[in-house]
Amino acid sequence: MPDSTSKAGGGPAGRDRLWRNARLATLAPDADGLGIVERGAVLASGGRIVYAGPESDMPAAARAETIDCEGRWITPGLIDCHTHLVYAGDRAQEFEARLRGASYEEIARAGGGIASSVRALRAADEDTLVRQSLPRLDALIAEGVTTIEIKSGYGLDLASERMSLRAARRLGRERPVSVRTTLLGAHALPPEAKGDKQGFIDGLVRDMLPAIAAEGLADAVDGFCEGIAFSPEQIAAVFAAAGRLGLPVKLHADQLSNLHGAALAARFGALSADHLEYTDAAGAAAMAQAGTVAVMLPGAFYFIRETQRPPIDAFRRAGVRMAVATDSNPGTSPLTSLLLAMNMAATLFRMTVDECIAGATREAARALGLLGETGTLEAGKWADLAVWNIERPAELVYRMGFNPLVTRIWRGQ
């Protein structure tokens, strides 16, 4: 069969594919910086990368469909490793309340915040959740996202949490994207709990967690460790139960105060601790030792007008890996642009270009426990790629409201 040559884009399923005449940012862990290859190529077979590196060293690929990238850049597909993408309705009225001076805590204590989203989700059905969530997912896909994590946490009872996770899994069948689901049962206290946090946690550990695990609906378990949510001791009980069920954990930690959530996450070997505005040096050191990724969420920092920035320098000194995500949610980060989140991480948190790009690819994969499968351009990994019409990688971080994606490849197609 003769070679075929096309512009960067689609091709027949199941065929070997070669992207050549490209500049690569491989993000390989052992490479310097972004792992740049100026005259590079990527060869894929069966949806996985066979080769990524200098075109001059590429193995023979006589039967591959050949795509001429015309000097464009190829990076790993972007990974949004922290979202609450499945929800019903919106919370625009709370946005207005914050503009009038109400704080996040005041809104939550008045029955708004997460409780408002719980009411909306419980009033919806699975089809409604999927229909309302697809446009948000499509916006992320249009910017090169190939893997996304979606948390539950707006149901807070078994039936509603199950529905939320099923809707998230359906999104991965409706669109060519990898979806990882996370049970965030310990997100807030539902109204029927009548203020009994410990009783709710006991029920979560006894009933909800085992049921969700038995159905295989969750890839991980998360919690919100904060004064307006749950104590470190209560989260520890949830994490211990998750461990007994063989589920990895993640944590919303130290967002509004320092309850030493970062150290708690590290103690349980968490994949990631997220937010982290109030984390101290001891928490950073514990995360580094445990290999727990720090997930930066500048959209929430910006949207609720936080002033305490995450301790980026402390994370660097300790050697903590840092990811960047949208935290897409209805109340505190209604953001569906990972490119803008990268810009915010640079401008608000002073992360470098290399840190931001790695944070939305390699380190985001690490934060989901998927680094062996995706997040870099390396042989054996899924051929999840993004082809960009840019002159240098910094443009992905520097520009706002700009989408230079030429094509997105998921599992080779």
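Residues numbered from 1 in each chain as written. Predicted model: local features only at pLDDT ≥ 70, side-chain atom pairs only at ≥ 80, totals over all residues. Heavy atoms only, no water.

- By the naming in an unreviewed UniProt entry, the protein chain is Imidazolonepropionase, taken from Limobrevibacterium gyesilva.
- A UniProt comment under Catalytic activity (unreviewed entry) is attached to the protein chain, and it reads "4-imidazolone-5-propanoate + H2O = N-formimidoyl-L-glutamate".
- The UniProt entry for the protein chain carries the following text under Subcellular location (unreviewed entry): "Cytoplasm". (UniProt positions renumbered as here; feature names shortened; annotations may be inferred.)

## Overview of the overall build of the protein chain
- Secondary structure assignment for the protein chain yields 15 helices and 16 strands.
- Over its C-alpha trace the protein chain gives a radius of gyration of 21 Å, about what one expects of a compact globule, namely 22 Å for 413 residues.
- For the protein chain, the spread of C-alpha atoms along the three principal axes comes to 70 × 45 × 45 Å.
- Taking all 413 residues of the protein chain together, 58% fall into the buried category.
- In the protein chain, the share of contacts with a sequence separation of at least 24, taken over all contacts with a separation of at least 6, comes to 72%.
- Here the protein chain has roughly 15,500 Å² of accessible surface; of this, 51% comes from carbon and sulfur atoms.
- The average position of the 44 basic charges and that of the 49 acidic charges among the side chains of the protein chain differ by 2 Å. (Helix = DSSP H or I, 4+ residues; strand = E, 2+ residues; numbered from the N terminus. Rg over C-alpha atoms; globule rule 2.2 N^0.38 Å. Buried < 20%, exposed > 50% of the residue type's maximum accessible area, 1.4 Å probe, protein only. Contact = heavy atoms within 4.5 Å. Areas by Shrake-Rupley, 256 points an atom, 1.4 Å probe, with all protein chains shown as cover. Lys, Arg positive; Asp, Glu negative; His and termini not counted. Charge placed at Lys NZ, Arg CZ, Asp CG, Glu CD.)

## Here's the deal with the UniProt feature "domain: Amidohydrolase-related" (unreviewed entry) in the protein chain
- Residues annotated in UniProt with the feature "domain: Amidohydrolase-related" (unreviewed entry) correspond here to residues 228-390.
- Each end of residues 228-390 is marked by a C-alpha atom, and these two atoms are 44 Å apart; helix forms 42% of the span and strand 12%.

## A word on the packing of helix α6 (residues 197-215) against helix α7 (residues 232-244)
- Packing of α6 against α7 brings their axes to within 10 Å, and their N-to-C directions diverge by 5 degrees. As the angle between them shows, α6 and α7 are arranged roughly parallel. Seen from α6, the contacting residues are Lys 197, Gln 198, Ile 201, Leu 204, Val 205 and Leu 209; seen from α7, they are Gln 234, Ala 237, Val 238, Ala 241, Ala 242 and Arg 244.
- Tallied by class, the residues present in the contact of α6 with α7 amount to eight nonpolar, two polar and two charged. (Axes fitted to C-alpha atoms, helices over the stretch in contact; angles between N-to-C directions. Parallel < 35°, antiparallel > 145°, perpendicular 65-115°, else oblique. Nonpolar A, V, L, I, M, F, W, Y, C, P; charged D, E, K, R; others polar.)

## Structural notes on the pattern of salt bridges
- Tallying each qualifying case throughout the model produces 24 salt bridges.
- Across the pair Arg 122 and Glu 192 runs a salt bridge whose closest N-O atoms are separated by 2.8 Å. Here Arg 122 is found in helix α3 (residues 114-122), whereas its partner Glu 192 is found in the loop between β9 (178-186) and α6, with 70 residues between them in sequence.
- Among the residues examined, Arg 122 registers a relative accessible area of 29% and is labelled partly exposed. (Salt bridge = Lys/Arg side-chain N within 4 Å of Asp/Glu carboxyl O.)

## Quick notes on the pairing of strand β12 (residues 272-275)
- Sheet topology places strand β11 (residues 250-253) next to β12; four bridges connect them, and they run parallel. Within the sheet, the bridge partner assigned to Ala 253 lies in β12 and is His 275.
- In this fold, β11 hands off to helix α8 (residues 261-267), which returns the chain to β12; that crossover is right-handed.
- Inspection of the sheet shows β12 paired to strand β13 (residues 293-296) by three bridges, in the parallel sense. (Pairing = 2+ DSSP bridges. Right-handed = clockwise from strand over helix to strand, strands pointing away.)

## So, the sheet that holds β11
- Ordered by their spatial adjacency, eight strands build an open sheet running β7-β8-β9-β10-β11-β12-β13-β14, and the pairing between neighbours is parallel. The outermost strands of the open sheet, each flanked by one partner alone, are β7 (78-80) and β14 (322-324). Ignoring which end each strand starts from, the neighbouring axes of this sheet average 25 degrees apart.
- Bridging between β7 and strand β8 (residues 145-151) involves three bridges; their strand directions are parallel. Each bridged residue has a counterpart across the sheet, and for Leu 78 the counterpart in β8 is Val 145.
- Relative to the sheet, α6 contacts β9 and β10 (220-225), its axis offset from that of β9 by approximately 150 degrees.

## Let's talk about the pairing of strand β2 (residues 17-25)
- Taking burial as the measure, the nine residues of β2 include seven buried ones, the bulk of the element.
- Pairing of β2 with strand β3 (residues 36-45), which is carried by six bridges, proceeds in the antiparallel orientation. Bridge pairing in β3 links Leu 24 to Val 37.
- Looking at chain direction, β2 and strand β6 (residues 73-76) are connected through two bridges and run parallel.

## Digging into the packing of helix α4 (residues 126-141) against helix α5 (residues 158-174)
- Two elements in contact, α4 and α5, have axes separated by 9 Å at closest approach and are oriented at 50 degrees. It follows that α4 is oblique to α5 by the angle criterion. Crossing geometry of α4 relative to α5 is assigned as right-handed. Contacts from Glu 126, Asp 127, Leu 129, Val 130, Ser 133, Leu 134 and Leu 137 in α4 reach Met 163, Ser 164, Arg 166, Ala 167, Arg 170, Leu 171 and Glu 174 in α5. (Left-handed = near helix turned anticlockwise from the far one by under 90°.)

## As for the nonpolar core
- Ile 148, Leu 276, Phe 315 and Met 351 are the most contacted members of the largest nonpolar core, which totals 96 residues.
- Among the elements that make up this core, the one with the highest residue count is helix α12 (residues 338-349) (seven residues).
- Excluding residues within four positions of it along the chain, Leu 276 makes contact with Ala 253, Asp 254, Gln 255, Ala 262, Met 287, Ala 294, Val 295, Met 296, Pro 310, Pro 311 and Phe 315.
- By size, the runner-up hydrophobic cluster in this structure holds 15 residues, among which are Ala 44, Ile 49, Ile 67 and Cys 69. (Core = buried A, V, L, I, M, F, W, Y, C linked by side-chain atoms within 4.5 Å.)

## Comments concerning α4
- Its 16 residues place the ends of α4 21 Å apart at the C-alpha level, agreeing with the 22 Å of an ideal helix rising 1.5 Å per residue.
- Of all the residues in α4, the buried ones are Thr 128, Leu 129, Val 130, Ser 133, Leu 134, Arg 136, Leu 137, Leu 140 and Ile 141.
- Buried residues belonging to α4 abut β7, α3, β8, α5, α12 and β16 (405-409). (Expected span 1.5 Å × (residues − 1).)

## Things to note about the confidence of the model for the protein chain
- When the pLDDT values of the protein chain are averaged, the result is 94; 96% of them are 70 or greater.
- Mean pLDDT in the protein chain bottoms out at strand β1 (residues 5-7), which sits at 41, and peaks at β7, which reaches 99. (pLDDT = per-residue confidence, 0-100.)

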